[in-house]
Amino acid sequence: MPRIGLFGGTFDPVHLAHLRTAEEVREALALDRIHLVLAATPPHKAPGSQAPVAHRRRMLELAVEGNDAFRTDFSELEREGPSYSIDTIRAVRAREPTRPSTFILGADAFAAIATLEGLRGHFHAL
């Protein structure tokens, strides 16, 4: 069973640093694939502050085209309300409880989560 990494974000716009980070993590952790999970309604961003989700979706599709190690995941677009990563992680675990998976997030999201009261000390960067 392939080992996957879940890399969530608004990808507004998706850029080389996103793709390079995904590849570096994939190589460092010997993951078979990276699923780039598009956040439909990011709770930490002001409403309307990002490009329309259809545009971000298309940018992400184009960015991973031709890279067999990357997949797009638009499951958060199917849920109503804010796009919380934990909901996606739970959905993946429910769908495939025995599949090894790794949650990946960017430094900006890590900083926001790591500074929340009560969570300090529970997250560590590679």
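Scroll up to find the structure.
The residue numbers shown here count from 1 along each chain, following its written sequence. Restriction of local features to residues with pLDDT of at least 70 applies here, the model being predicted, together with a cutoff of 80 or more for giving and counting side-chain atom pairs; totals for whole chains, interfaces and linings are based on all residues. Side-chain calculation: all heavy atoms of the structure are included, whereas hydrogens and water are not.

(A) Spotlight on helix H1 (residues 16–28). If you check H1, its first and last C-alpha atoms are 18 Å apart, about what 13 residues at 1.5 Å a residue would give, namely 18 Å. Any pair of residues with heavy atoms lying within 4.5 Å of one another is described as a contacting pair. Going along the chain from the N terminus, every DSSP run of H or I of four or more residues is numbered as a helix, and every run of E of two or more is numbered as a strand. Buried residues belonging to H1 abut strand E1 (4–9), strand E2 (33–38), helix H2 (53–64), strand E3 (70–73) and strand E4 (101–104). Downstream of H1 by a residue or two, alanine 30 has a phi angle that is positive, lying close to 55 degrees. Take the number of residues in a helix, subtract one, and multiply by 1.5 Å to get its expected span.

(B) Here's a closer look at the side chain of histidine 35. Position of histidine 35 among the secondary structure elements: in strand E2. Beyond its immediate sequence surroundings of up to four residues, histidine 35 is in contact with Ile4, Gly5, Leu6, Phe7, Arg71 and Asp73.

(C) Local environment of the side chain of threonine 10. For threonine 10, the location among the structural elements is in the loop between E1 and H1. In contact with threonine 10, not counting residues within four places along its chain, are Leu38, Ala39, Pro42, Lys45 and Arg56.

(D) Broad picture of the nonpolar core. Residue types Ala, Val, Leu, Ile, Met, Phe, Trp, Tyr and Cys, when buried and joined through side-chain atoms within 4.5 Å, form a set referred to as a nonpolar core. Burial classification: accessible surface area is computed with a 1.4 Å probe over protein chains only, and a residue below 20% of its type maximum counts as buried, one above 50% as exposed, and the rest as partly exposed. Formed by 16 residues in total, the largest nonpolar core has its most connected members in Phe7, Phe11, Ile34, Leu36, Leu60 and Phe70. Only H1, E2 and H2 provide two or more residues apiece to this core. In contact with isoleucine 34, not counting residues within four places along its chain, are Gly5, Phe7, Ala22, Arg26, Ala69, Phe70, Arg71 and Ile104.

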